[in-house]
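A look at the structure
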Amino acid sequence: MDTTTETTPLRAVALVCTLAPSPKQSSSQLLAEQAMAALADHGVTGKAIRIVDHDVKPGVEVDMGEGDAWPEIRDAIMGCDILVLSTPIWLGHPSSVAQRVLERLDAELGESDDEGRMLTYGKAAAVCVVGNEDGAHKVSADLFQGLNDVGFSLAPNAVTYWGGEAMQATDYQDLDKTPEKTAATTRTLAANTAHLARRLKAAPYPPSP
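Our next topic: the overall build of the protein chain. Each helix and strand in the protein chain was counted, giving six helices and six strands. The C-alpha atoms of the protein chain give 17 Å as radius of gyration, which agrees with the globular expectation for 209 residues (17 Å, within 12%). Its C-alpha atoms give the protein chain principal-axis dimensions of roughly 50 × 45 × 30 Å. Per-residue burial over the protein chain gives 45% buried out of 209 residues. Total accessible area on the protein chain stands at roughly 10400 Å², and carbon and sulfur atoms take up 52% of it.

Below is the structure:
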C-alpha cells in the first residue's frame, strides 16, 4: 500500500440543504457535521455551508448575476476533494434546496479542463439523509444519480441516513444519542470516500475522447 497516498491531506465541503435558516437547529446539519467529524479521522478538513443562509439564485448557470451567492459556494466546491450533500426528506423527496444545488451543479456539464474532463471529475461525493418517514434509499438514489451526472465519483456505501418511524414526530436531533447503526454507516462513508478521493487525486481519470 502507498502510505504516502493514504496520508495525503484532503479538503471537504458539506452543503446542508435544510429548509431551516440559522440559528435554528437542523438534523441535516447535525448529520453533516458528524460526517465531517468522521472524515477528519481520515485526514480530511473542511466546513459545512447551510445553503438557505445564502442567496443562491435559481438557474443552471455558474453565475446567475448580481447578488447570487452560488459562485462563492462553487469556489469552495472546486477547492475541495470531497463534496457532502446533506438533505432532509420532504414528501418522499430531497428538499427543494437540495434540488436547487443539483440544478446549479448542472452548469458543470459545460465546464472542462484542457483535456476535456469535467472539473468535478477528480472529486468524490457522499450523501447524508434524515427524515421521519421511509424514503432514505429513494432520496439517496436521486442524489447519487444527480451527483454522478455532473461528474462526481461515489464510493461504496457513500450514504449515511436516519429515518424515524412513520407518522411520528421524533427528529434525529432530538435523539438522546446517535444510533450505533447510523454512526457505523457514517464511519464507513468517511473511510470509503476519503480512500476514493485520495485515489482520484493520485490517478486522475483519462482525458475525455
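Nonpolar side chains collect at one region of the surface, where Leu19, Trp90 and Leu91 lie side by side and expose about 380 Å² of accessible area between them. Here Leu19 is to be found in the loop between β1 (10-16) and α2 (27-40). Since its relative accessible area comes to 43%, Leu19 is described here as partly exposed.

It is worth spelling out helix α5 (residues 136-149) at this point. Between its first and last C-alpha, α5 extends 20 Å over 14 residues, near the 20 Å set by a 1.5 Å rise per residue. Residues Ala136, Val139, Ser140, Leu143, Gly146 and Leu147 constitute the buried set of α5. For α5, the arc enclosing every buried residue in end-on projection is 130°, short of the 170-degree limit, so these residues lie on one face. Elements in contact with the buried residues of α5: β3 (82-90), β4 (93-94), α4 (96-105), β5 (124-131) and β6 (153-163). Of the residues trailing α5, Gly151 is marked for its positive phi of about 105°.

Here the focus is the pairing of strand β2 (residues 44-50). Where β1 lies against β2, seven bridges are found, and the strand directions are parallel. Across the sheet, Ala14 pairs through a bridge with Ala48, a residue of β2. Since β1 and β2 lie parallel, the crossover through α2 that links them has a hand, and here it is right-handed.

Topologically, Thr186 is positioned in helix α6 (residues 180-202). Every residue in contact with Thr186, bar those within four places of it in the chain, is listed here: Leu31, Gln34, Ala35, Ala38 and Thr160.

One finds Leu15, Ile51, Ile77, Leu105 and Leu147 to be the most contacted residues of the largest nonpolar core, which totals 30 residues. Examining the composition of this core, we find that five residues originate from one element, α4, more than from any other. Ile51 has contacts with Leu15, Val16, Cys17, Val56, Ile73, Val97 and Val101, leaving out every residue within four places of it along the chain.

What counts, and at which threshold
Residues numbered from 1 in each chain as written. Predicted model: local features only at pLDDT ≥ 70, side-chain atom pairs only at ≥ 80, totals over all residues. Heavy atoms only, no water. Helix = DSSP H or I, 4+ residues; strand = E, 2+ residues; numbered from the N terminus. Rg over C-alpha atoms; globule rule 2.2 N^0.38 Å. Buried < 20%, exposed > 50% of the residue type's maximum accessible area, 1.4 Å probe, protein only. Areas by Shrake-Rupley, 256 points an atom, 1.4 Å probe, with all protein chains shown as cover. Patch = residues over 30% accessible without salt bridge, like charges linked within 9 Å, V, L, I, M, F, W, Y side chains within 5 Å. Salt bridge = Lys/Arg side-chain N within 4 Å of Asp/Glu carboxyl O. Expected span 1.5 Å × (residues − 1). Arc of directions from axis to C-beta. Contact = heavy atoms within 4.5 Å. Pairing = 2+ DSSP bridges. Right-handed = clockwise from strand over helix to strand, strands pointing away. Core = buried A, V, L, I, M, F, W, Y, C linked by side-chain atoms within 4.5 Å.

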